[in-house]
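Observations on chain architecture
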Protein chains: 2
Amino acid sequence: MARVGLTPERLVRAGAELADEVGFDEVTVSALARRFDVKVASLYSHVRNSHDLRTRIALLALEELADRGAAALAGRAGKDALAAMANVYRDYAREHPGRATAARMRLDPETAAAGAGVRHARMTRAILRGYDLEEPDQTHAVRLLGSFFHGYVSLELGGGFSHSLPDSEETWTRLLDALDALLRNWPAPSAP
Amino acid sequence: MARVGLTPERLVRAGAELADEVGFDEVTVSALARRFDVKVASLYSHVRNSHDLRTRIALLALEELADRGAAALAGRAGKDALAAMANVYRDYAREHPGRATAARMRLDPETAAAGAGVRHARMTRAILRGYDLEEPDQTHAVRLLGSFFHGYVSLELGGGFSHSLPDSEETWTRLLDALDALLRNWPAPSAP
DNA sequence: TGGAGTTGCCTAAAGGCATTAGGCAAGCAG
DNA sequence: CTGCTTGCCTAATGCCTTTAGGCAACTCCA
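Here the structure is a predicted model, which means the values were calculated and not measured. Counting restarts for each chain: residues are numbered from 1 in the order of the written sequence. The naming scheme follows written order: chains are lettered A onward, ligands numbered 1 onward. Only residues with pLDDT of at least 70 are given local features in this predicted model, and only at 80 or more are side-chain atom pairs given and counted; all residues enter the totals for whole chains, interfaces and linings. Only heavy atoms go into the side-chain values, all of them from the structure, while hydrogens and water stay out.

1. Let's talk about the interface of chain A and chain B
If you look at the interface, chain A gives 36 residues, while chain B gives 36 residues. Roughly 3,000 Å² is buried in total at the junction of chain A and chain B, and carbon and sulfur atoms are behind 64% of that figure. The buried area of a pairing is the accessible area, by a 1.4 Å probe, that goes missing from both parts when the two are put together, added over both. Three residues, His-140, Arg-143 and Arg-174 of chain A, lead the burial of chain A against chain B; their summed loss comes to 23% of the area buried on that side. Side-chain atoms alone can form a polar contact between residues adjacent in sequence; in general such a contact is a pair of N or O atoms within 3.5 Å, and within protein one must be able to donate a hydrogen while the other accepts it. At the junction of chain A and chain B, the tally comes to 20 residue pairs in polar contact (both at pLDDT 80 or more). For the side of chain A that touches chain B, the secondary-structure elements that each account for two or more residues are helix H8 (137–157) and helix H9 (168–184) of chain A. Only runs of H or I of at least four residues qualify as helices and only runs of E of at least two qualify as strands under DSSP, and these elements are numbered from the N terminus. Sorting elements by how many residues they give to the side of chain A that touches chain B places H8 of chain A first, with 13 residues. Amino acid classes used here: Ala, Val, Leu, Ile, Met, Phe, Trp, Tyr, Cys and Pro are nonpolar; Asp, Glu, Lys and Arg are charged; the rest, including Gly, are polar. Residue composition of the side of chain A that touches chain B, grouped by class: 16 nonpolar, twelve polar and eight charged. We call two residues in contact when some of their heavy atoms are within 4.5 Å.

Structure, rendered in structure tokens:
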């Protein structure tokens, strides 16, 4: 009964790797135990339950994304910043599909707030600082970008844009052009 | 052993209702059997397996959405059509959160093509007919709308926009303004 | 109307994941 | 070296999925 040296951190990191390999949905306490060559019950001293494990993986992914975002945003503004952040999301999703799926997991508000949620919100607002948007339009724009990135990554990860032309790469570039143009020329409310 | 009169259709419909009540993730062969007061094994003559059941619920939802979309789009063009379609997605998600989640389930390409996927693509292109977009920009725009609707509905369903101001309703209206403006003034590619 | 056949729902069984309770031994402190 | 903490284990329960095989309820046709 050699001790393996489990810790919550090691479990979460291994869980994230597992997610990237076999998909976030397949990340299970049992599979993780198998990976450490340890009995399932042993994990329960380090992780509350399955949901807790998945939540922690999501928080790890959000943290990593925020780190990358902060690095990418440094010294950039306007469209440059927009494209940099967009590519961070996208590249992360390609390198770490499982983690990226985890990052889109629904978290209860307190958990999200305690984690990197705040950093993400701040970063999005930092991008918008390069455009001339007053409140409440800035918030609308935050939600637009959030929805678009979330949706695009979901669809691309799900294979929605493969096997069809033009390729996803081109669409991505052009849509960033389009969003930049939109943010520069944000329309006034239409007549009700 | 009175016969209950199970059919694939009844199972799928009941599954969709179950999804709306308890969430798509909780839709399980066992739960469905319980709802019909029938043993679990009995469902397996009508549905291949759990994944098949969920897929069929997704296809039902896509079909319903396409029906509503077709009705909403009739006789509308331009922004009017855009808003009508957007509201179809959104209202459906509110009335039938479980089905709406199902509709965003990842389907393999053949299944999607065999189902209402084609109708959805056609409808989106019909909306864009009111704007002056040539290929490949039209395809880019299809993907933009798809990503945005998908993402927005996901976030809203997950509670992302509740408990914060401005309320989701206002953002929704303003973002439709914004998308309309963008489609009317679609930018040329930026210099590489 | 009364079989004969089909079909629908059942029993039985095996395998997997999640979770909890309680035990033993490995590693640390003195 | 002795005792204590703590980490991993055994054991057990409950729920879900899926398959195989059986009996009874319908159907249909003579």
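2. Focus: the protein's contact with DNA strand D
Note on terminology: near, applied to a residue and a molecule or strand, indicates that one of the residue's heavy atoms is within 4 Å of it. Looking at DNA strand D, there are 20 residues lining it, with Lys-39 and Ser-42 of chain A together with Arg-3, Thr-28 and Ser-50 of chain B nearest. Those atoms of DNA strand D that come within 4 Å of the protein belong to sugar or phosphate at a rate of 62%. With respect to DNA strand D, the side chain of Ser-30 of chain B contributes an N or O atom lying 2.8 Å from a phosphate oxygen. Tyr-44 of chain B has a polar side-chain atom sitting 2.9 Å from a phosphate oxygen of DNA strand D. Of the residues in the surface near DNA strand D, the class split is nine nonpolar, seven polar and four charged.

3. Examining the protein's contact with DNA strand C
Around DNA strand C lies a shell of 19 residues, among which Thr-28, Tyr-44 and Ser-50 of chain A together with Lys-39 and Ser-42 of chain B are the nearest. Here the atoms of DNA strand C within 4 Å of the protein split so that 64% fall in sugar or phosphate, with bases taking the remainder. Between Tyr-44 of chain A and DNA strand C, the recorded distance is 3.1 Å, taken from a side-chain N or O atom to a phosphate oxygen. Contact between DNA strand C and Ser-42 of chain B: a phosphate oxygen at 2.5 Å from a side-chain N or O atom of the residue. Sort the elements by how many residues they give to the surface near DNA strand C and helix H2 (residues 29–36) of chain A lands first, with three residues. When the residues that make up the surface near DNA strand C are grouped by side-chain class, the tally is eight nonpolar, seven polar and four charged.

4. Points about the environment of Leu-60 of chain B
Residues and elements named next belong to chain B. For Leu-60, the location among the structural elements is in helix H3 (residues 50–73). The exposure class assigned to Leu-60 is partly exposed, which follows from its relative accessible area of 22%. Between the alpha carbons of Leu-60 and Ala-72 there is a distance of 18 Å; along the sequence they are twelve residues apart. Setting aside residues up to four positions removed in sequence, Leu-60 forms contacts with Val-12, Arg-13 and Ala-16. Here the term buried applies to any residue with accessible area under 20% of the maximum for its type, exposed to any over 50%, and partly exposed to those in between, with areas from a 1.4 Å probe on protein chains only.

5. A look at the relation of the copies chain A and chain B
The atoms used to superpose the copies are C-alpha atoms, taken from residues with pLDDT of at least 70 in both, and the fit is least squares. Placing chain A over chain B gives an RMSD of 0.1 Å and needs a rotation angle of 180°, together with 0.0 Å of translation along the axis. The transformation just described matches what one would write down for a two-fold rotation axis. Considering only C-alpha atoms, the residue of chain A closest to the rotation axis is Gly-151 of chain A, which sits at 1.9 Å. Looking at chain A, 100% of its interface residues are interface residues in chain B too, so the copies touch through the same face.

6. Comments concerning the packing of helix H1 (residues 8–22) of chain B against H3 of chain B
Residue and element names in this part refer to chain B. For helices, the fitted axis covers only the stretch in contact; all axes are lines through C-alpha atoms, and the angles between them, taken along N-to-C directions, range from 0 to 180 degrees. With their axes 9 Å apart at the nearest point, H1 and H3 run at an angle of 75° to one another. When the axis of H1 is compared with that of H3, the two are roughly perpendicular. In this structure, H1 contributes Pro-8, Leu-11, Val-12, Arg-13, Gly-15 and Ala-16 to the contact, and H3 contributes Leu-53, Arg-56, Ile-57 and Leu-60. By residue class, the composition of the contact of H1 with H3 is seven nonpolar, one polar and two charged. An angle counts as roughly parallel when it lies under 35 degrees, as roughly antiparallel when it exceeds 145, as roughly perpendicular when it falls between 65 and 115, and as oblique in every other case.

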